[in-house]
Amino acid sequence: MIEMKVENIVASTTFADKLDLDAIAQSLEDAEYEPEQFPGLVYRLKNPKTATLLFRSGKANCTGAKNLEDVRKTIDIIADKLRKMGVDVYKNKDLELIVQNMVAIADLGGELNLNEVAVGLGLENIEYEPEQFPGLVYRIKEPKVAMLVFGSGKIVCAGARKTEDVSIAIEKLSEELTSLGLLG
């Protein structure tokens, strides 16, 4: 089993039917809100180290967490702060978290010849332009993820919604490369 490490989780939720971002920006000390630049309010937490975008629609996107517990903690902290301001926030049990994207890294444990990898995995699933970028992009249909594969054997997996999907994708890649004689 190849060890992988989640580096970032992007999750969305809905706090309320609508949010008054001007009032929230004035009440939350570290809030960043410049509607001329971007329609959302940015609120960063130090612990857990995350950033959350709040929108007038009541929707929010949390980014930067490395595990689902930190996403939940972030959402609960913000929900409490909004309630203290008098915002009619949905009950915590109704604050559904939807993971939109997970980014993880892993090391296949060996050097790779990316030209051989590109041909071996099938050019229809690969984007590889070494003059543009030092890695190749490999798209897997099931689970639906994209992997950046580097000559060092390091990989970045993006697009997963569950950690199990990251593990499955990494194992699939490792097995394919091993069976092609390109890793091992």
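Please refer to the structure higher up on the page.
If you're wondering where the values come from, they're calculated on a predicted model, not measured in any experiment.

Enquirer: How should I be thinking about helix H2 (residues 68-84) in this particular structure?
Expert: Given 3.6 residues per turn, any residue in an α-helix points the same way as the ones three and four places further on. For H2, with 17 residues, the first-to-last C-alpha span of 24 Å sits near the 24 Å given by 1.5 Å per residue. Burial in H2 covers these residues: Asp70, Val71, Thr74, Ile75, Ile78, Ala79 and Leu82. Considering only its buried residues, H2 is in contact with strand S1 (4-14), helix H1 (21-27), strand S2 (41-45), strand S3 (50-54) and strand S4 (59-65).

Enquirer: Looking at this structure, how should I read unusual backbone geometry?
Expert: In most cases, non-glycine residues show a negative phi, while peptide bonds are predominantly trans. The amide bond that connects asparagine 47 to the next residue, proline 48, takes the cis arrangement and shows omega of -5°. Along the chain, the position of proline 48 falls in the loop between S2 and S3. The omega angle of the peptide bond from glutamate 142 to proline 143 is -5°, so this bond is cis rather than trans. Note on placement: proline 143 falls in the loop between strand S7 (135-140) and strand S8 (145-150).

Enquirer: What am I meant to see in the pattern of salt bridges here?
Expert: Within this structure, the stated rule accounts for 9 salt bridges. One salt bridge connects lysine 154 with aspartate 107, and the closest N-O pair in it is separated by 3.0 Å. A residue pair is termed long-range when its members are at least 10 positions apart, and lysine 154 in strand S9 (residues 154-160) and aspartate 107 in strand S5 (residues 98-107) qualify at 47 residues. Looking at lysine 154, the relative accessible area reads 44%, which means it is partly exposed. Under the relative-accessibility criterion, aspartate 107 is labelled partly exposed at 35%. Ionic contacts of the salt-bridge type, sharing partners, join the residues Lys5, Glu7 and Lys66 into one network.

Enquirer: Explain the side chain of threonine 74 to me, please; I cannot follow it from the model alone.
Expert: With respect to the helices and strands, the residue threonine 74 is situated in helix H2. The class of threonine 74 is buried, set by a relative accessible area of 0%. Those residues within four positions of threonine 74 in sequence are excluded, and the remaining contacts are Leu45, Pro48, Thr50, Thr52 and Cys62.

How each quantity is defined
- Residues numbered from 1 in each chain as written.
- Predicted model: local features only at pLDDT ≥ 70, side-chain atom pairs only at ≥ 80, totals over all residues.
- Heavy atoms only, no water.
- Helix = DSSP H or I, 4+ residues; strand = E, 2+ residues; numbered from the N terminus.
- Expected span 1.5 Å × (residues − 1).
- Buried < 20%, exposed > 50% of the residue type's maximum accessible area, 1.4 Å probe, protein only.
- Contact = heavy atoms within 4.5 Å.
- Salt bridge = Lys/Arg side-chain N within 4 Å of Asp/Glu carboxyl O.

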